[in-house]
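# Structure assessment
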Amino acid sequence: MQVSPPLSTTTTASDTRYTVTLDVSGMKCAGCVKAVENQLVQHPGVVSATVNLVTEVATVECEPGQVDPAKLAERVTEIGFPTQPRAVEGTAGTSSENLPDLAERQRLETRQHFQRVAIAATLLLLSTIGHLDHFSWGTIPLLSNIWFHFGLATLTLIFPGRPILIDGWKGLRHNIPNMNTLVSLGTLTAYTASTVALFFPQLGWECFFDEPVMLLGFILLGRTLEQQARSRAAIAFQSLLALKPTLARLIKDTGERTTQISEPAPESSAVFALHPENSIEIPAEQVQVGAWLQVLPGEKIPVDGEVVAGQTTVNEAMLTGEAMPVLKQPGNLVIAGSLNQSGAIALKATRTGKDTTLSQIIALVEAAQTRKAPIQRLADTVAGYFTYGVMAIALLTFLFWYFVGIPLWGGEWVMGHGQWVMGGHGGMAHSSMAQAVSAASPLLLSLKLAIAVLVIACPCALGLATPTAILVGSGIGAERGLLIRGGDVLEKVHQLQTVVFDKTGTLTTGQPIVTDCLPLSEISEAGLLEVAAAVERGARHPLAEAIQQQAQQQGVASLPAQNFYTEPGFGVSAQVAGQQVVLGTQSWLTQQSVEVTDAAQQRSQVLAAAGKTVVYVAIEGQLAGLIGVQDTLRPDAKATVERLRRMGLRVVLLTGDQRAVAEAIAIPLGLVAEDVLAEVRPDGKAAAIAQIQAEGQFVAMVGDGINDAPALAQADVGISLNSATDVAIEAAEIVLMRDRLIDVVESIQLSRATFNKIRQNLFWAFAYNTLGIPIAAGVLLPSLGVILSPATAGAFMAFSSVSVVTNSLLLRRTTRNI
């Protein structure tokens, strides 16, 4: 298995820009996210900033030498969101243990929420018991006393409600009001009005101390459930972090290990390296490239490396999704975080710290959280002004009902028939509209409606809609070896219409073999292969490897060659034993003034019709022979194509091979001639993708080679296998770690399912606020007599946030059969 290439967290206009990562706490809603982003982008030298509410991470793109991460963190902390820069892994004084543990922080917050809810529930129970007389169920003297309820409300605000009030005040003071600001305004307004009514009974106002108690109780309960759901959403990502080894066994240096990494270790060195007493434990982040490490059975492999001694089986399931252990022998690669199962091995470190495959996967998954889907932009725009809008609506609600609504309809209510009214205890109570007005003065009724507007509004749902779904989806993908780079990718995958596959190494195994060697002159088969192998030593291509491997198997002599020249996608040439030899396609030889006879073309067509790639060989300007090379389809290629077509996607084959060869490969896949793009030069693949896009199609490109990188970048979605070159993986937006072609289908299905969850969440968040705020403002009061008490509004608000996170968690059930 190849180790993954470096995975960048951002794409910048200039290579000199760099990214700063900050850990931000204290965010409660989408308004908080927008406030933090605004603060960051206003700092000189900051190009862009993206903040994730669920993972509590800010990714900031900066101009070089203009931004101090500590000052950035200080700027955000000053507005009420404690922030600290994240240390770069592998630098002095840092370790994986020092990195923020999101799960532990969330568990601590959950415990704190439970404690507050326990207190609030106790106060809520006492408050409810104290109002039994409202239902003619008897009176408890002490608990029914209004001074007792005043004390309960005061304790509720001082203890479980204090963090909410403080955070709400900080937001208001810094001109960035948030969800807690709305709750604080509603709670304090109800408490203040009730306190005034208690101390000045001559006003004739109603005391409703139960409202702030019940309101805070419902909100704290909802946030506890939300915190639990958010912690569950982060489980998959935390399991990746848990794979990071903390210790390594460094083999003591005795001067005996002189073996190169590409050679088996001598027996004496191997025995020394595998003996447990010949190693010392060091922190994994201190391992340097080239160091020899010992890994005992049951231990995690600390870094990426190559086995130099010993034999074992390694479980790579958490990284690749493959359940079966993999045999590892000297010369095989191993990856950090995988589990050594059966035997002791010694390995030589090839990648350490942030360069290991595991660290890069973690970086990609975490970076995916910060790449927002375009559909989220509307939610972000709304969130930036949401709290201001809600406060304005609440003020207008109060003014309307106090000066217009009650004077206009009050007389009709007094004479009206009984209606259903959402009572002050959050339940449905049969009452008359006369009671709705007379039980509370016009001032208090207007005030209650305004409070209900404040607390029913839910910017939290807007903020959680996208990041929770992406967190769950990317976690599922990581478990299955499907690495998706972000929310923007999910939206583009949802719009896909065409999937283009490169042929060699993607649809095929990428390990072609020589099937035919046809001399067309006096040269023998062995001589033809001998000359071809000498020229192909200067090339790096699967066909070149196949010809050289065939020459080795037949034991032909190795001829000296020089002056190598390669024309990508066409062929190669070199001087072999003083003769100019040219290998490649027919058009390449024609460009070199080599005549291809009709007989040679007929034999070439026979080979091509059998799905074989034909390599023409010319010596000193004369055609010397043909070599047939065949690459077999991957075992899951046909099933992959069939499933994609059943999903309504067009599948296209893209190759530089002759059309006859390409169509021979396409036939068993069920592809028609119109879906085969053959004889496309490497530099023309991106243009071919652009041509399909010009037809109005959203295109995904699946490739693995260096020459596929421009096409992967041109496509709307680039998909790369893990066996691909580093350049191809870097250009792709989805990386398939298991190197299985069928995972193309799974990645598209997972992306679609995740994006559908995002749309469901955003629809619910907008629909809830669009319907809830008018109802809380009393739009149903004149016709149906329906009003929402502040406590009931708070319960609905808490339910809204919990429902969004819970719906994201249901993604696991939705994707179980993918």
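Residues numbered from 1 in each chain as written. Predicted model: local features only at pLDDT ≥ 70, side-chain atom pairs only at ≥ 80, totals over all residues. Heavy atoms only, no water.

## What to know about the overall build of the protein chain
Helix and strand content of the protein chain: 30 helices and 28 strands. In the protein chain, the proportion of contacts linking residues at least 24 apart, taken out of those at least 6 apart, comes to 72%. Approximately 34100 Å² of the protein chain is accessible, and the part contributed by carbon and sulfur atoms is 57%. (Helix = DSSP H or I, 4+ residues; strand = E, 2+ residues; numbered from the N terminus. Contact = heavy atoms within 4.5 Å. Areas by Shrake-Rupley, 256 points an atom, 1.4 Å probe, with all protein chains shown as cover.)

## With respect to helix 16 (residues 487-494)
Most of helix 16 sits out of view: six of its eight residues are buried. Within helix 16, burial applies to G487, D488, V489, L490, E491 and V493. (Buried < 20%, exposed > 50% of the residue type's maximum accessible area, 1.4 Å probe, protein only.)

## A word on the nonpolar core
Core analysis: the biggest nonpolar cluster contains 123 residues, and L40 and L644 have the highest contact counts within it. Ranked by residue count, the leading element in this core is helix 27 (residues 743-776), at twelve residues. (Core = buried A, V, L, I, M, F, W, Y, C linked by side-chain atoms within 4.5 Å.)

## Some details on the packing of aromatic side chains
How two aromatic rings sit relative to each other is set out by the distance from centre to centre and by the angle between their planes. Summed over the entire model, instances satisfying the criterion amount to twelve aromatic pairs. Pairing F150 with F199 gives two aromatic rings, centres 5.9 Å apart and planes at 85°, and the pair type is edge-to-face. Of the two residues, F150 is situated in helix 4 (residues 146-158) and F199 in helix 6 (residues 179-199); the sequence distance between them amounts to 49 residues. Ring geometry for W764 against F799: centres 6.2 Å apart, planes inclined by 85°, an arrangement best described as edge-to-face. On the criterion of sequence distance, the pair formed by W764 in helix 27 and F799 in helix 29 (residues 790-809) is long-range, its members being 35 residues apart. (Phe/Tyr/Trp six-rings, centres within 6.5 Å; stacked < 30°, edge-to-face > 60°.)

## Some points on the pattern of salt bridges
Tallying each qualifying case throughout the model produces 18 salt bridges. Between K492 and E733 there is a salt bridge, with its nearest N and O atoms 2.8 Å apart. Placement of K492 in helix 16 and of E733 in the loop between helix 26 (726-731) and strand 28 (734-736) is noted, with a sequence separation of 241 residues between them. For K492, a relative accessible area of 23% corresponds to the partly exposed category. According to the relative accessible area criterion, E733 is buried, its value standing at 13%. With a shortest N-O distance of 3.2 Å, R738 and E746 are connected by a salt bridge. The exposure classification of R738 matches that of E746, with both residues buried. What emerges from the salt-bridge pattern is a single network uniting R738, R740, D743 and E746. (Salt bridge = Lys/Arg side-chain N within 4 Å of Asp/Glu carboxyl O.)

## Here we look at a nonpolar patch on the surface
A surface patch of nonpolar side chains, about 760 Å² in accessible area, is lined by L395, L396, L399, F400, Y402, F403, V404 and L408. Mapped onto the elements, L408 comes out in helix 12 (residues 375-415). (Patch = residues over 30% accessible without salt bridge, like charges linked within 9 Å, V, L, I, M, F, W, Y side chains within 5 Å.)

## Digging into the packing of helix 22 (residues 637-646) against helix 27
Interaxial distance between helix 22 and helix 27 falls to 9 Å at its minimum, and their mutual angle equals 30°. With respect to helix 27, the axis of helix 22 lies roughly parallel. Contact residues: helix 22 offers T640, R643 and L644, while helix 27 offers V744, V745, I748 and Q749. Across the contact of helix 22 with helix 27, the residue classes break down as four nonpolar, two polar and one charged. (Axes fitted to C-alpha atoms, helices over the stretch in contact; angles between N-to-C directions. Parallel < 35°, antiparallel > 145°, perpendicular 65-115°, else oblique. Nonpolar A, V, L, I, M, F, W, Y, C, P; charged D, E, K, R; others polar.)

## With respect to the environment of L712
Looking at the element boundaries, L712 is found in helix 25 (residues 709-714). L712 sits twelve residues away from A700 along the chain, and the two C-alpha atoms are 7.9 Å apart.

## Describing the pairing of strand 2 (residues 46-52)
Across six bridges, the pairing between strand 2 and strand 3 (residues 57-62) is antiparallel. Looking across to strand 3, one finds that S48 is bridged to E61. Two successive antiparallel strands, strand 2 and strand 3, enclose a turn made up of four residues, where E56 displays a positive phi of approximately 55°. (Pairing = 2+ DSSP bridges.)

## Examining the environment of V744
Along the polypeptide, V744 turns up in helix 27. What makes V744 buried here is its relative accessible area of 0%. With 24 residues separating them along the chain, V744 and S720 place their C-alpha atoms 9.0 Å apart. In this view, V744 contacts F501, L644, V702, I719 and L736; residues no more than four positions away in its chain are not counted.

## A closer look at the confidence of the model for the protein chain
The share of residues in the protein chain with pLDDT of 70 or more is 85%, and the mean pLDDT across the chain is 82. Contacts for the low-pLDDT stretch residues 90-100, under 50 throughout, to residues beyond four places or in other chains number 16 contacts. Contacts from residues 411-439, a stretch scored under 50 in pLDDT, to residues over four places away or in other chains number 62 contacts. (pLDDT = per-residue confidence, 0-100.)

## A closer look at the packing of helix 4 against helix 6
It is at 11 Å that the axes of helix 4 and helix 6 come closest, and there the two elements cross at 150°. Considered as vectors, helix 4 and helix 6 are oriented roughly antiparallel to each other. Helix 4 and helix 6 meet at a crossing whose hand is left-handed. Across the interface between the two elements, I146, W147, F150, A153, T154 and L157 from helix 4 touch T187, L188, Y191, T195, L198 and F199 from helix 6. Its residues assigned to classes, the contact of helix 4 with helix 6 comprises nine nonpolar, three polar and no charged. (Left-handed = near helix turned anticlockwise from the far one by under 90°.)

## Looking at the sheet that holds strand 9 (residues 312-315)
With antiparallel pairing, three strands are arranged side by side in an open sheet as 10-9-12. This sheet does not close on itself; its edge strands, each paired only once, are strand 10 (326-328) and strand 12 (339-340). Sheet topology places strand 9 next to strand 10; three bridges connect them, and they run antiparallel. Residue T312 lies in a different strand from strand 10, and its bridge partner there is K328.

## Re helix 6
Taking 1.5 Å of rise per residue, the 21 residues of helix 6 would be expected to cover 30 Å, and the 30 Å separating its terminal C-alpha atoms lies within 8% of that figure. Counted residue by residue, helix 6 has 15 buried out of 21 residues, so it is predominantly covered. The N-capping residue of helix 6, defined by a side-chain oxygen 3.0 Å from the backbone nitrogen of N180, is N178. (Expected span 1.5 Å × (residues − 1). Polar contact = N/O pair within 3.5 Å; in protein donor to acceptor, adjacent residues only side chain to side chain.)

## A few points about the sheet that holds strand 27 (residues 717-721)
The sheet built from seven strands is open, its strands ordered 16-28-27-26-17-24-25 with mixed pairing. Each end of this open sheet is capped by a strand with a single partner; those strands are strand 16 (482-484) and strand 25 (676-677). Pairing between strand 16 and strand 28: three bridges, direction antiparallel. Each bridged residue has a counterpart across the sheet, and for L482 the counterpart in strand 28 is L736.

## A few points about unusual backbone geometry
Where the residue is not glycine, phi is negative for most of them; where a peptide bond is considered, it is trans in most cases. You will see that A577, though not glycine, has its phi angle at about 50°, which is positive. In this structure, A577 sits in the loop between strand 20 (571-576) and strand 21 (579-584). The exposure class of A577 is exposed, given its relative accessible area of 58%. Not every positive phi belongs to a glycine, and E679 is a case in point at roughly 55°.

## With respect to the pairing of strand 1 (residues 18-24)
By the bridge criterion, six bridges tie strand 1 to strand 3 in an arrangement that is antiparallel. Within strand 3, the position partnered with T19 by the bridge is E61.

## Concerning the environment of F81
Relative to the helices and strands, F81 resides in the loop between helix 2 (69-78) and strand 4 (83-85). Taking the C-alpha atoms as reference, F81 lies 9.8 Å from D23; in sequence the two are 58 residues apart. Residues in contact with F81, not counting those within four places in the same chain, are V24, S25, G26, M27, C32, V36, V76 and I176.

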